[in-house]
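Tertiary structure, described
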Amino acid sequence: MTVALETRNLVKRFGGFLATNDVSLSVRQGARHALIGPNGAGKTTLINLLTGVLKPNSGQIILGGEDITALPAHRRVRKGLARTFQINQLFGEFTPLESVVLAINEREKIGGLAWAPLVAHTKVVEEAAALLQRFGLADVMGERTVVLPYGKQRLLEIALAIASKPRVLLLDEPAAGVPEEERHEVLAIVRDLPADVTVILIEHDMDLVFSFADRISVLVAGALFTEGSVSEISADPRVKAIYLGEDA
Amino acid sequence: MSSASETLMSSTAGKPETTAMALLRRRNSWRAYEIVLWLIAFAMIFAMPSKALILTEITIVALFAVSLDLILGYAGIVSLGHTAFFGLGAYAAGLFAKHYFAEPVTGLLVAGIASGVLGFVTSFLVLRGSDLTRLMTTLGIGLMLAELANQMAWLTGGADGLSGVIIGPILGQFEFDLWGRTGYIYSLVTLFILTWAARRLVNSPFGLSLKAIKTNPVRASMVAIPSRHRIVAVYTIAAVYAGIAGALLTQTTSFVSPDVLAFHRSADVLLVLVLGGVGYLYGGIIGAILFTLLRDWLSVITPQYWMFWIGFVLIVIVMIGRENLARWHTFLPEPLRRAMTRIANWRPGAKIGGSR
Amino acid sequence: MLTILFDGVAYGMLLFVLACGLTITLGLMNFINLAHGAFAMAGGYITVVLMNRYGVSFYWCLPIAFLVVAAIGLVLERTLYSRLYSAPHLDQVLFSVGLVFMSIAAVDYFMGGQQQLIHLPRELSGRWEVFGVGIGKYRLFIIVICALLAVALQLALTKTRFGSQLRAAVDDGRVARGLGINVPVVFALTFAFGSGLAGLGGALGAEILGLDPNFPLKFMIYFLIVVTVGGTSSITGPFLAALLLGIADVAGKYYVPQIGAFVIYAVMVLVLILRPHGLFSREGTR
């Protein structure tokens, strides 16, 4: 089994608070790996550590066998680690077309070219159009992003991550905040992600987790509580207790 | 915007690549207002030869403001010391002409390179920190240069300024005349070439990535944009532009004084840009026209105290809100507004592109 | 040598009083107020007018300058500044530069462009020679007043109810509001008080710093240095920064007049690069 992404003894402190406590996680190539845990378990901190938004106090992050702990965020993306955000992080005044073209440009390392107009890079434009088509955004590709319905924005959020052709994709609650009638569209996209892309899903919605994931890690209070297959985790009484405890 | 793209959509239904290509092509086609602006600017050579001096001044201020727009409007850096590059360019051009070679185009290049080097070096200082630290660093660098120019009298002539600058004919062909007509043509051509280049720059992948950094730095880094490199690059380019603007001032007036480094120039150029609008490149040019006319008019009615009214204008702009000023046309009656949008968005060949 | 040190301390103390209002607006309220010097200038001109035209005693001028400028500050805060607290920094810069330009032109119009002179009371002019050190009486007077003010300020910020309200309002406006603190009033009073101090500093400094319409621009950078170098986590930071700047400036102008100002700007840029939160800030290295 090839390991796509691995963390070794990852620790992050905020003052005296231990947000990530010695997390060693290993994600198989092509996996659908879900990361669950009650509120405040440190899921978002872990994501931020993985993507380089935060620097760990100690520990290592290894992507495809390469230590990326010291790399800044944008270099990690270039190495094939993309993410979506729990709350949309989009370019409000850009059109979806411009946004996707931007992401593809950077992936193709032509984002620093300052002379030819966007339209001159035909291959990029064709790829962008195809991607937008696939995500059901073709008919709004010329609108300003801020005026799009939330579900469409959510799709664009995922499209931007896909545009950088990641080996590992971190999805932070992809369906969060999407109205019911637009939800299936987002879920369909998530389900149809290419099989060779390793997906790490952070999610609250247990139905979604159980239907999508093939492996689940449970985080509690910053530490890795347990890990297993869907059937193992769903049968684990301790996991149930944690969630029931939170609900009660 | 939306109606325009809908018509595009319907005409090219089912072909997303074609739509995408058409949309992006529209993005950098010349707008009517741009063409009109340049036509008028060049027509002024013949229409108002007696006003060549003030026209030259507008052109130089415009280039300076376009340069500021590159870093403020496209990279989001608020600078209070942009005149450092303008002033360095002015002195570089003056000294170069005085001691080495009097041909002005070479002087422009030399000044541009000098300012570019300073811009590149200082760009690393504006990468970090908050708006306030950036303000202070840019302001500090500007003041340091002003102080240097003042103290190094053996080189710069100190407070009296650098005199005895004699500028040769442009490319050895065109002599500067007393009425400033050659000067205007020369400055205008320079402005046109540089604005055209800046236009390409902002419409390129590089320009798109700059806007991305400015709108959402978090996401920008998550689509793999190396923000620091891009900001260093645009800051350097803007410094080159400002240096060339300063050099134009030296060459058209045959004189440099420490005034080119004074704080009020940094403030003025901010006002110019804000008057014209930040972030679409022509704001600098339109602002320069408004600012120069305004100042001229004010200095006629209140010779000593025009500064008061400039300050007043600044405060009024802020209080009304820059966004509201940018949307001034939305306060017009509907038919007039629609006609204006149509004129402003009209571009040659638009129909052909749309019906394909 | 010691005379220079003494003059430097006096100058630094003066800078502290002038700039400490800015520490609050710029440092704590995060408002880039480049017009702070205009308030100081107002204090200076009030003193000049009262003394030279109406023969008011210098000692009376100081509190009057404080009060009048504080009132001006209060009015401007309520009408204009308060609308821009959450505006982009660019807007704050434009606005305050506009205010500076207006004040310069207005003062020029009413008072003329020349340097203003005030005649200090006889007991404050002249100097004592103590062990070969020249102690200017007026400078000693300034040191005493400013030191008292600094101590009073420190106590006011840490020990009084208003001080804790201010710190709460600055830390988290929403929470403070929840605690029943009237944040706008706290801000307005603080702004007025800071402006008043600038006015007082302007009145005290008219003799030493010189007073002409360009005052706000000439000293803007000094005030900003005090705040950025000193940091904003306490009163002590700016106080030390002001002293350092005062001594460095006086010494620089005396020993190396050619490059004095240059060195100061260079040091400021260096400090900003190395410790963007200020030299004396506890969070400086973050």
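I will try to describe carefully the structure that is included in this document. (Residues numbered from 1 in each chain as written. Chains lettered and ligands numbered in written order. Predicted model: local features only at pLDDT ≥ 70, side-chain atom pairs only at ≥ 80, totals over all residues. Heavy atoms only, no water.)

**Digging into the overall build of chain A**
Applied cut-off: We count a stretch as a helix when DSSP gives it H or I for four or more residues in a row; a strand needs E for two or more, and each element gets its number in order from the N terminus. Only C-alpha atoms enter the radius of gyration; for comparison, a globular chain is expected to reach 2.2 Å times N to the power 0.38, where N is the number of residues. Burial classes follow relative accessibility: with a 1.4 Å probe on protein chains only, a residue under 20% of its type's maximum area counts as buried, one over 50% as exposed, and anything between as partly exposed.
Within chain A one finds 9 helices and 10 strands. Taken against the 2.2 N^0.38 rule, which gives 18 Å for 248 residues, the C-alpha radius of gyration of chain A at 19 Å falls within 12% of a compact globule. The C-alpha extent of chain A, read off along each of the three principal axes, is 55 × 40 × 35 Å. The buried share of chain A, reckoned over its 248 residues, is 57%.

**Quick look at the interface of chain A and chain B**
The cut-off we apply is this: Residues are treated as being in contact if the distance between any of their heavy atoms lies within 4.5 Å. Two parts lose some accessible area (1.4 Å probe) when they are put together, and adding that loss for both gives the buried area. Here a salt bridge means any side-chain nitrogen of Lys or Arg lying within 4 Å of a carboxyl oxygen belonging to Asp or Glu. Nitrogen and oxygen atoms within 3.5 Å of one another constitute a polar contact, given that in protein one can donate a hydrogen and the other can accept it, and given that sequence-neighbouring residues count only through two side-chain atoms. Just so you know the grouping, Ala, Val, Leu, Ile, Met, Phe, Trp, Tyr, Cys and Pro go in nonpolar, Asp, Glu, Lys and Arg go in charged, and all remaining residues, Gly too, go in polar.
With 43 residues of chain A at the contact, the number on the chain B side is 38 residues. Here chain A and chain B share an interface that buries about 3700 Å² over both sides, 71% of which is from carbon and sulfur atoms. Remark: the boundary between chain A and chain B carries 3 salt bridges. As a salt-bridge pair, Arg27 of chain B and Glu98 of chain A come within 2.5 Å of each other at their nearest N and O atoms. Scanning the region where chain A abuts chain B turns up 12 residue pairs in polar contact (both at pLDDT 80 or more). Secondary structure elements with two or more residues in the side of chain A that touches chain B: α2 (73-78), α3 (96-107), α4 (122-134) and α5 (150-163) of chain A. A class-by-class count of the residues in the side of chain A that touches chain B yields 24 nonpolar, 11 polar and 8 charged.

**Side note on the packing of helix α13 (residues 263-276) of chain B against helix α15 (residues 306-320) of chain B**
All names here are of chain B. Here is the rule: Note on geometry: axes are C-alpha line fits, over the in-contact stretch for helices, and angles between N-to-C directions span 0 to 180 degrees. For classification, angles of less than 35 degrees are called roughly parallel, those exceeding 145 degrees roughly antiparallel, those between 65 and 115 degrees roughly perpendicular, and all remaining angles oblique. Note: crossing handedness is left-handed where the near helix turns anticlockwise from the far helix by less than a right angle, and right-handed where it turns clockwise.
In the contact formed by α13 and α15, the axes pass within 11 Å of each other and the chain directions differ by 45 degrees. If you check the angle between α13 and α15, you find them oblique. Like other packed secondary-structure pairs, α13 and α15 cross with a definite hand, here left-handed. Between α13, through Leu271, Val274 and Leu275, and α15, the contact on the second element is made entirely by Ile310, Val313, Leu314 and Ile317.

**Comments concerning the sheet that holds strand β10 (residues 223-228) of chain A**
All names here are of chain A. So the rule is basically this: One requirement defines pairing of two strands: DSSP has to find at least two bridges between them.
Read from one edge to the other, the open sheet built from 6 strands follows the order β6-β7-β8-β3-β9-β10, with strand pairing classed as mixed. Two strands close off the open sheet at either side, each with one partner strand: β6 (81-83) and β10. For this sheet the average axis-to-axis angle between neighbouring strands, irrespective of direction, equals 20 degrees. Relative to strand β9 (residues 215-220), strand β3 (residues 32-36) is paired through 4 bridges, and the arrangement is parallel. Across the sheet, Ile36 pairs through a bridge with Val218, a residue of β9. α5 rests against β6 and β7 (168-172) of the sheet, and its axis sits at about 160 degrees to β7.

**Looking at the environment of Val199 of chain A**
Checked against the element boundaries, Val199 of chain A lands in strand β8 (residues 198-202). The contacts of Val199 of chain A, once residues within four sequence positions are left out, are Ala31, Arg32, His33, Leu169, Leu171, Leu193 and Phe212 of chain A.

**Some words on helix α8 (residues 183-209) of chain C**
Note: α-helices contain 3.6 residues per turn, so residues at a spacing of three or four share the same orientation. Residues and elements named next belong to chain C. For clarity, the cut-off: Bend, in this description, refers to the angle at a residue between axes fitted to the seven residues ending there and the seven starting there.
Its axis deflected by about 35 degrees at Ala203, α8 carries its strongest bend there. Counting buried positions over the 27 residues of α8 gives 21, a clear majority of the element. Gly210 occupies a position one or two residues after α8 and carries a positive phi of about 85 degrees.

**Digging into the interface of chain C and chain B**
In many reports, interface size means the accessible area that the parts give up when they come together. Across the contact, 41 residues belong to chain C and 37 residues belong to chain B. Carbon and sulfur atoms supply 84% of the area that chain C and chain B bury against each other, a total of about 3600 Å² over both sides. Put simply, chain C and chain B have 0 salt bridges between them. Our count for the chain C to chain B interface comes out at 0 residue pairs in polar contact (both at pLDDT 80 or more). Of the residues in the side of chain C that touches chain B, the class split is 34 nonpolar, 4 polar and 3 charged.

**Looking at the sheet that holds strand β1 (residues 3-14) of chain A**
Residues and elements named next belong to chain A. Strand order in the open sheet made by the 4 strands is β2-β1-β4-β5, with antiparallel pairing throughout. The open sheet has two free edges, formed respectively by β2 (17-28) and β5 (66-67), since each of these has just one partner strand. As judged from the 5 bridges shared by β1 and strand β4 (residues 58-63), these two strands associate in the antiparallel manner. Looking at the pairing, Glu6 lines up with Ile62 of β4.

**A closer look at the pattern of salt bridges**
All chains considered together, the criterion is met by 21 salt bridges over all chains. The partner of Glu127 of chain A in a salt bridge is Arg107 of chain A, with the nearest N and O atoms 2.8 Å apart. Taken as a pair, Glu127 of chain A in helix α4 and Arg107 of chain A in helix α3 lie far apart in primary sequence, 20 residues in all. For Glu127 of chain A, a relative accessible area of 26% gives the class partly exposed. Its relative accessible area of 18% is what places Arg107 of chain A among the buried residues. The residue Arg199 of chain B makes a salt bridge to Glu34 of chain B at a minimum N-O spacing of 2.7 Å.

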